[in-house]
Amino acid sequence: MTGLHDHLHGLWLPLVTPFRDGALDERSLRRLTRHYSGQAIDGFILGATSGEGMTLRAAELERLVAIVRDEMAAGRRTLPICLGLSGADTSRLKERLDETADWPIDGYLIASPYYVRPSQRGLLAHFEALADHAAWPIALYNIPYRTSVNITNQTLLRLTEHRNIVGLKDCGANREQSIALLRDRPKGFRVLTGEDANYLEALTDGADGGIVLSAHVETATFAAVYADVKRGNHDAAQARWHEVAELTRLLFAEPSPAPAKYWLWRCGLIDSPEVRLPMVEVSSELAAQIDREIERRMKVAA
């Protein structure tokens, strides 16, 4: 494939990582890959937040990438893969970049350091050090409600000058900041929203796409929303969005990705809704809500 920059747009799926009896469920992973490779998505994010990447051992993460790439090679379509990485130790992350340099990926999605709350100068130095070191292009991941630090637009615009930093997953939860970045970013720097509930809003504001957990369900509708916005057909986009807006709330009613995994399990795409501690499976109340919504959508489809 060509560089990540050329593919960092449209609808990307942050693929859940299926588990069974505490181990990576390779059979379900192959099933997921086959299914979504045939859908209207533009790339996979592996091992990031939705993929429970912080619970994956290095060998599991490598196996995850290998299986997804192998399953795509056996099919009719190859999609780009971004590997999710996170951590609060720059030196350790540089080691992870070395360890993954020859993996069959197209780039990295790297979150801000969590817990330590570095200054903007610290964030700038951190990401520049990683970008200097990485064998693959990097998309930044700004999610201050998880990391407790916001990458300001001033810092982001400095980082866009680095040849190896090609985009951003924007979970800043600040529309004013997002709009200003979309206005001021250099040509070619890609911005994808990671806020499922604000997907249409972000696309309307000018985002290049979305990294959307909820697109595990009603994938075609999320893709159609993007296509309608890009064509300037905002009425059609709004109508399609109305079909899935409530879904984005339901799938985040409890800590993600447990609700999405329960949904996929109920629909037969994975063999277990298992998550890894400290995540727990959905409550009986939410499970009942999801069951009712699955049944409702099946009746509508019929």
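Note that the coordinates shown come from a computational prediction; the quantities given were computed from them, not determined experimentally.

1. Side note on the side chain of T193
Residue placement: T193 occurs in strand β9 (residues 190-193). At 3.2 Å, the side chain of T193 forms a polar contact with the backbone nitrogen of E195.

2. A closer look at the packing of aromatic side chains
If you walk through the whole model with that rule in mind, you get four aromatic pairs. Taking the centre distance of 5.7 Å and the plane angle of 55° together, the rings of Y199 and F222 count as tilted. One end of the pair, Y199, is in helix α8 (residues 199-205); the other, F222, is in helix α9 (residues 219-230), and 23 residues separate them in sequence. For Y199, a relative accessible area of 0% corresponds to the buried category. Relative to W241, the ring of F222 lies with its centre 6.2 Å away and its plane at 80°, an arrangement referred to as edge-to-face. Here F222, found in helix α9, pairs with W241, found in helix α10 (residues 234-250); they are 19 residues apart in sequence, far enough to count as distant. Note on accessibility: F222 and W241 belong to one class, buried. Put simply, the rings of Y199, F222 and W241 touch in pairs and so form one group of aromatic residues.

Conventions adopted
- Residues numbered from 1 in each chain as written.
- Predicted model: local features only at pLDDT ≥ 70, side-chain atom pairs only at ≥ 80, totals over all residues.
- Heavy atoms only, no water.
- Helix = DSSP H or I, 4+ residues; strand = E, 2+ residues; numbered from the N terminus.
- Polar contact = N/O pair within 3.5 Å; in protein donor to acceptor, adjacent residues only side chain to side chain.
- Phe/Tyr/Trp six-rings, centres within 6.5 Å; stacked < 30°, edge-to-face > 60°.
- Buried < 20%, exposed > 50% of the residue type's maximum accessible area, 1.4 Å probe, protein only.

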